[in-house]
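Structural characterization, general
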Amino acid sequence: MARPLRLLLLSAAVAASLAACNRDGETDAPAAPTSDPNALITPADAAAPQGLDEKTPYADIKLTLPDELKAHPDLHASLYAEEVRKLRQFAEGAQGELTEAGAATDRPKYENTITVTTADETAKLFSLKRTSFDYSGGAHPNTLTSGILWDKALKRRIGLADLFRKGADLTVLDLALCSALNTAKRARVPDGASITFDSKPFACPRAATTPFVLTPGDTPGKAAGLTFLIGPYQAGSYAEGGYEIAIPAAVFRSLLATAYAGEFGGQLTRAGDAAPPPAETV
């Protein structure tokens, strides 16, 4: 074969080989827009779904998270993982209890439902309310509420103590909470006895050890106060139910830390007990 022809064929072979390599390294063109809602899920959404709903022969478990949580992926991911771990541990425990030797075979299966909702949001703070409905084979189910407060800039959870100046005396907040709680108790149980910090078997809780959420008011972007979440058996009998006691910011404004003082403002649109009375007493 003549030298010019051999060079021409060799060049063509190299070009073909390079083209094949390039095709192997190519990625598919972006997909055309679709109406499938799953196509809009971001990597953060995929890593931390908005909920969980699982049923076993021994337990039903469910988690519901608010859409607003998507804007805070760090909290979203950690909260989802934490709650799912607790729920699956509950389901495993239910299986153990319902299949243990001598357990009645007709016992109803257990249930644990966690519902997280947005309580309020300010420029710096994101407040969530967590409600847990738990049936574990007792005389009745239990519903407990708690709060989660997220500092958006620091990207971490904070507590009540963080909102106030270091060493602040919360006595005024304790007294306001106890007074408002007694008012709410009289509305539900008119002939019931008032409680104090030292009364038994039920007593007024201290603000520092009571779950809470931010309370919205008439000024957008500001928290008008704090709502303390007091569960059944804490301030009265189970039939009396839990209480959600809203305390206006005016009560504790002078105690707030400088970093968070600007997050509070406006007036409460609903003061006192924000929780409905339990169904048993309606």
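From a predicted model like this one, the values you see are computed outputs, not experimental measurements.

**Regarding the overall build of the protein**
Helix and strand counts for the protein come out as 6 helices and 10 strands. Taking all 282 residues of the protein together, the buried fraction comes to 35%. The long-range share in the protein, meaning contacts at least 24 apart out of those at least 6 apart in sequence, stands at 61%. With an accessible surface of roughly 15,900 Å², the protein has 57% of that area assigned to carbon and sulfur atoms.

**Here's the deal with the environment of Gln 50**
Counting through the fold element by element, Gln 50 comes out in the loop between helix H2 (43-47) and strand E1 (51-55). Owing to a relative accessible area of 22%, Gln 50 belongs among the partly exposed residues under this scheme. As for Gln 50 and Leu 65, which are separated by 15 residues in sequence, their C-alpha atoms are 5.2 Å apart. Of the polar contacts made by the side chain of Gln 50, one reaches the side chain of His 76; its length is 3.0 Å.

**A short note on unusual backbone geometry**
Residue Pro 201 follows Lys 200 across a cis peptide bond; omega there is 5°. Despite not being glycine, Lys 155 shows a phi value in the positive range, around 55°. Among the structural elements, Lys 155 can be located in the loop between strand E5 (142-151) and strand E6 (156-158). At Tyr 233, a position not held by glycine, the phi torsion is positive, near 80°. Considering the arrangement of structural elements, one finds Tyr 233 in the loop between strand E8 (223-230) and strand E9 (243-248). For Tyr 233, a relative accessible area of 46% corresponds to the partly exposed category.

**Topic: helix H3 (residues 73-98)**
Across its 26 residues, H3 extends 37 Å between first and last C-alpha, which sits within 8% of the 38 Å expected from 1.5 Å per residue. All buried positions along H3 are accounted for by Leu 75, His 76, Leu 79, Tyr 80, Glu 82, Glu 83, Val 84, Leu 87, Phe 90, Ala 91, Ala 94 and Leu 98. Turning to H3, the residues buried within the fold contact E1, strand E2 (59-64), strand E3 (110-121), strand E4 (125-135), E5 and E6.

**Thoughts on the packing of aromatic side chains**
Under the defined criterion, the tally for this structure stands at 6 aromatic pairs. Here the aromatic rings of Phe 90 and Tyr 110 are separated by 6.3 Å at their centres, their planes lie at 50°, and the arrangement is tilted. Placement of Phe 90 in helix H3 and of Tyr 110 in strand E3 is noted, with a sequence separation of 20 residues between them. As far as burial versus exposure is concerned, Phe 90 and Tyr 110 are alike and both buried. Centre to centre, the rings of Phe 164 and Phe 252 are 5.8 Å apart; their planes meet at 85°, and the pair counts as edge-to-face. With Phe 164 in the loop between helix H4 (160-163) and helix H5 (171-188) and Phe 252 in the loop between E9 and helix H6 (258-261), the pair connects residues that are 88 residues apart, well separated along the chain. By way of ring pairs, the aromatic residues Phe 90, Tyr 110 and Tyr 135 are connected into one cluster. Against the face of Tyr 243 rests Arg 188, its NZ or CZ located 4.0 Å from the ring centre. Over the aromatic face of Phe 197 sits the side chain of Arg 206, whose NZ or CZ is 3.9 Å from the ring centroid.

**A short note on the sheet that holds E9**
Pairing between the strands of a sheet comes from backbone hydrogen bonds, and it takes one of two forms, parallel or antiparallel. Strand order in this open sheet of 4 strands is E7-E8-E9-E10, and the pairing throughout is antiparallel. The sheet is open, and its two borders are formed by strand E7 (212-216) and strand E10 (272-273), each paired with just one other strand. By the bridge criterion, 5 bridges tie E7 to E8 in an arrangement that is antiparallel. The residue bridging Thr 215 from the neighbouring strand is Gly 225, located in E8. Against the sheet, H5 makes contact with E8, E9 and E10, and its axis sits at roughly 135° relative to E9, the strand it touches most.

**Thoughts on the pairing of E5**
If a strand is regular, its side chains alternate between the two faces of the sheet. Taken together, the 10 bridges between E4 and E5 define a ladder with antiparallel strand orientation. Residue pairing across strands places Leu 125 opposite Asp 151, the latter belonging to E5. Taking the residues between adjacent antiparallel strands as the criterion, E4 and E5 are bridged by 6 residues, where Gly 137 takes a positive phi near 90°. Between the end of E5 and the start of E6, which pair antiparallel, lie 4 residues, with Lys 155 showing a positive phi angle near 55°.

**Some details on the side chain of Arg 188**
Inspection of the secondary structure assignment puts Arg 188 in helix H5. Among the residues examined, Arg 188 registers a relative accessible area of 18% and is labelled buried.

**With respect to the sheet that holds E2**
Strand order in the open sheet made by the 6 strands is E1-E2-E3-E4-E5-E6, with mixed pairing throughout. Whereas interior strands pair on both sides, the edge strands pair on one side only; in this sheet they are E1 and E6. On average, adjacent strands in this sheet sit at an angle of 25° to one another, irrespective of strand direction. Against the sheet, H3 contacts E1, E2, E3, E4, E5 and E6, and its axis sits at roughly 170° relative to E2.

Rules used in this analysis
Residues numbered from 1 in each chain as written. Predicted model: local features only at pLDDT ≥ 70, side-chain atom pairs only at ≥ 80, totals over all residues. Heavy atoms only, no water. Helix = DSSP H or I, 4+ residues; strand = E, 2+ residues; numbered from the N terminus. Buried < 20%, exposed > 50% of the residue type's maximum accessible area, 1.4 Å probe, protein only. Contact = heavy atoms within 4.5 Å. Areas by Shrake-Rupley, 256 points an atom, 1.4 Å probe, with all protein chains shown as cover. Polar contact = N/O pair within 3.5 Å; in protein donor to acceptor, adjacent residues only side chain to side chain. Expected span 1.5 Å × (residues − 1). Phe/Tyr/Trp six-rings, centres within 6.5 Å; stacked < 30°, edge-to-face > 60°. Lys NZ or Arg CZ within 6 Å of the ring centre and 35° of its normal. Pairing = 2+ DSSP bridges. Axes fitted to C-alpha atoms, helices over the stretch in contact; angles between N-to-C directions.

Keep in mind these values describe shape, not function.
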